[in-house]
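# Descriptive analysis of the structure
As a plain string of letters, each chain reads:
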Amino acid sequence: MRSFKTAFAAAFVGMLVIASPLVAASQTAPAKNWKAPATPIYAQKLSDAVMAKHPELLSLTFHGVPPGQEKTYTMFAGSYPERIGNADDPDDIDVSVKGITIVDPRWHRAKDTAKKFVVLLPLRDAQGENIGLLVPAFRNDAAWGKGKGEREFFLMALDLRDSLERQIPSYASLFAPAK
């Protein structure tokens, strides 16, 4: 009987060791609520072009509701392709719906591996209409961000957003195939 209990306990512990990473992955992976088309979209082309020109950026993401969807707030383009289709957080949705701006220094976020300064601001089209959310994350390390504060990062985010605005004829154009 003792050997049966020992064997059962060993098997149970073995199952836990195998299952633990699977359970952890399922709990930490963000929910996907949209799948990008197989061919790159115009918003992804814009994100890639901005990232290539701006070494001060850690990332740049575009968020909103894809055409044909209702209240499916998602990241639809950006510098982390594996995150495309991740459901938006409540603060992302607030920016898209209310048109507010959030200046977030991220000083003490435990999960962030790099020092950064994030600004969540309304994405606008060429007519100046709020059409979604743009999230630039700026490097805030000794090599680049030293001495910069909220004002500088906020103004850089506005300049970046305003330069993109002129390149966005409409919200639907962001989802057109990239040329």
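Structural data are supplied above this passage.
Rules used throughout
Residues numbered from 1 in each chain as written. Predicted model: local features only at pLDDT ≥ 70, side-chain atom pairs only at ≥ 80, totals over all residues. Heavy atoms only, no water. Helix = DSSP H or I, 4+ residues; strand = E, 2+ residues; numbered from the N terminus. Buried < 20%, exposed > 50% of the residue type's maximum accessible area, 1.4 Å probe, protein only. Pairing = 2+ DSSP bridges. Axes fitted to C-alpha atoms, helices over the stretch in contact; angles between N-to-C directions. Contact = heavy atoms within 4.5 Å. Phe/Tyr/Trp six-rings, centres within 6.5 Å; stacked < 30°, edge-to-face > 60°. Lys NZ or Arg CZ within 6 Å of the ring centre and 35° of its normal. Core = buried A, V, L, I, M, F, W, Y, C linked by side-chain atoms within 4.5 Å.

A positive phi angle, near 55 degrees, is found at lysine 71, a position not held by glycine. Relative to the assigned elements, lysine 71 resides in the loop between strand 1 (57–64) and strand 2 (74–78). Overall, the relative accessible area of 72% leaves lysine 71 in the exposed class.

Our focus in this paragraph is the sheet that holds strand 2. Adjacent strands of a sheet form backbone hydrogen bonds with each other and so pair up, either parallel or antiparallel. Strands sit in the order 2-1-5-4-3 across an open sheet of five strands; the sheet is antiparallel. Two strands in the sheet have a free side with no partner beyond their single neighbour: strand 2 and strand 3 (102–104). This sheet shows a mean twist of 25 degrees between the axes of neighbouring strands, independent of strand direction. Of the pairings in the sheet, the one linking strand 4 (residues 116–124) to strand 5 (residues 130–139) comprises seven bridges and is antiparallel in character. In the strand pairing of strand 5, arginine 124 is matched with asparagine 130. Here helix 2 (residues 42–53) sits on the sheet in contact with strand 1 and strand 2, set at roughly 160 degrees to strand 1.

Let's shift gears to the packing of aromatic side chains. Taken as a whole and assessed by the stated rule, the structure comprises eight aromatic pairs. Both rings, one in phenylalanine 138 and one in phenylalanine 153, keep their centres 5.7 Å apart while their planes meet at 45 degrees; by these two values the pair is tilted. You can see phenylalanine 138 sitting in strand 5 and its partner phenylalanine 153 sitting in helix 4 (residues 150–165), a full 15 residues away along the chain. A relative accessible area of 2% places phenylalanine 138 in the buried class. When the ring of tyrosine 171 is compared with that of phenylalanine 175, the centres are 5.3 Å apart and the planes differ by 65 degrees; the resulting orientation is edge-to-face. Of the two residues, tyrosine 171 and phenylalanine 175, neither departs from the other in class, the shared state being buried. An aromatic cluster of three or more residues is present, and its members are Trp34, Phe62, Phe76, Tyr171 and Phe175. Lying over the aromatic face of tyrosine 80, arginine 83 brings its terminal NZ or CZ to 4.1 Å of the ring centre.

Right, let's talk about the nonpolar core for a bit. Phe62, Phe76, Leu164 and Leu174 are the most contacted members of the largest nonpolar core, which has 28 residues in total. Where this core is concerned, the elements lending two or more residues are helix 2, strand 1, strand 2, strand 4, strand 5 and helix 4. Non-local contacts of leucine 174, meaning those with residues more than four positions away in its chain, are made with Ile41, Tyr42, Ala43, Leu46, Phe76, Leu123, Ile131 and Ile168. Of all hydrophobic cores here, the second largest spans six residues; its members include Val118, Leu120, Val135 and Ala137.

Turning our attention to the pairing of strand 5. Of all the ten residues making up strand 5, eight are buried; the element is thus mostly covered by neighbouring parts of the structure. Where strand 1 and strand 5 come together, six bridges link them in antiparallel fashion. Bridge pairing in strand 5 places serine 59 opposite alanine 137. Hairpin connection from strand 4 to strand 5: five residues lie between these consecutive antiparallel strands, with glycine 128 at a positive phi of about 85 degrees.

Now for the environment of phenylalanine 76. Residue placement: phenylalanine 76 occurs in strand 2. Exposure remark for phenylalanine 76: the relative accessible area of 1% places this residue in the buried category. Taking the C-alpha atoms as reference points, phenylalanine 76 and alanine 87, separated by eleven residues in sequence, lie 9.6 Å from one another. With near-sequence residues (within four places) excluded, phenylalanine 76 lies in contact with Trp34, Ile41, Ala43, Phe62, His63, Gly64, Ile84, Tyr171, Leu174 and Phe175.

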